[in-house]
Amino acid sequence: MVARKAFEPETRPDFFRDVYEVVKLIPRGRVTSYGAIAAYLGTKMSARMVGWAMNASPAGVPAHRVVNRNGLLTGKHHFPTPYTMQQLLEQEGIKVENDRVVDFKRVFWDPSGELP
DNA sequence: AACGTGACACAGC
DNA sequence: AGCTGTGCCACGT
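Attention in this report is confined to the structure presented alongside it. This structure is a prediction, so every number in the text was calculated from the model and none was measured.

1. Some remarks on the packing of helix α1 (residues 15-25) against helix α2 (residues 34-41)
Contact pair α1 / α2: the axes reach a minimum separation of 11 Å and the direction vectors enclose 120°. Compared by their axis directions, α1 and α2 come out oblique. Pair α1 / α2 crosses with right-handed handedness. Across the interface between the two elements, Asp18, Val19, Val22 and Val23 from α1 touch Ile37, Tyr40 and Leu41 from α2. The residue inventory of the contact of α1 with α2, partitioned by class, reads six nonpolar, no polar and one charged.

2. Overview of the side chain of His64
Looking at where His64 falls in the secondary structure, it is placed in the loop between α3 (47-55) and β2 (66-67). Within the structure, His64 has its side chain in polar contact with the side chain of Glu92 (distance 3.1 Å). In this structure, His64 is in contact with Phe79, Met85, Leu88, Leu89 and Glu92, ignoring residues within four places of it in sequence.

Rules of the game
- Residues numbered from 1 in each chain as written.
- Chains lettered and ligands numbered in written order.
- Predicted model: local features only at pLDDT ≥ 70, side-chain atom pairs only at ≥ 80, totals over all residues.
- Heavy atoms only, no water.
- Axes fitted to C-alpha atoms, helices over the stretch in contact; angles between N-to-C directions.
- Helix = DSSP H or I, 4+ residues; strand = E, 2+ residues; numbered from the N terminus.
- Parallel < 35°, antiparallel > 145°, perpendicular 65-115°, else oblique.
- Left-handed = near helix turned anticlockwise from the far one by under 90°.
- Contact = heavy atoms within 4.5 Å.
- Nonpolar A, V, L, I, M, F, W, Y, C, P; charged D, E, K, R; others polar.
- Polar contact = N/O pair within 3.5 Å; in protein donor to acceptor, adjacent residues only side chain to side chain.

Rendered as structure tokens:
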């Protein structure tokens, strides 16, 4: 599990790796926000780092499922083509309109596991 | 070794 | 109401 402590003095946890694990855990047809991931890892890490992590996201990490709190596809510009992100999302059943996830609240997935 | 950058978020104005 | 400024912390130069 990725539920390790945010930062251990002795250990040097790869923030990125943790982020990747969380992102990989995002169910198909769902999205999450940078802030949610950051919060899950412990508010220590600012949401910006999540973005950086995505920047280095290796293959297998559905970065397209990570959007900003606004539901905006802020990172689409970083994909091979600006359409890639939207295409991937729509491919998973997520409707995207005007670079924004439709019913973002509905498809939003909380890394904590959608606690009841 | 320091400064600037960055796919965000929140408080203030 | 939206826009501006500040905080967050690792990575790149």
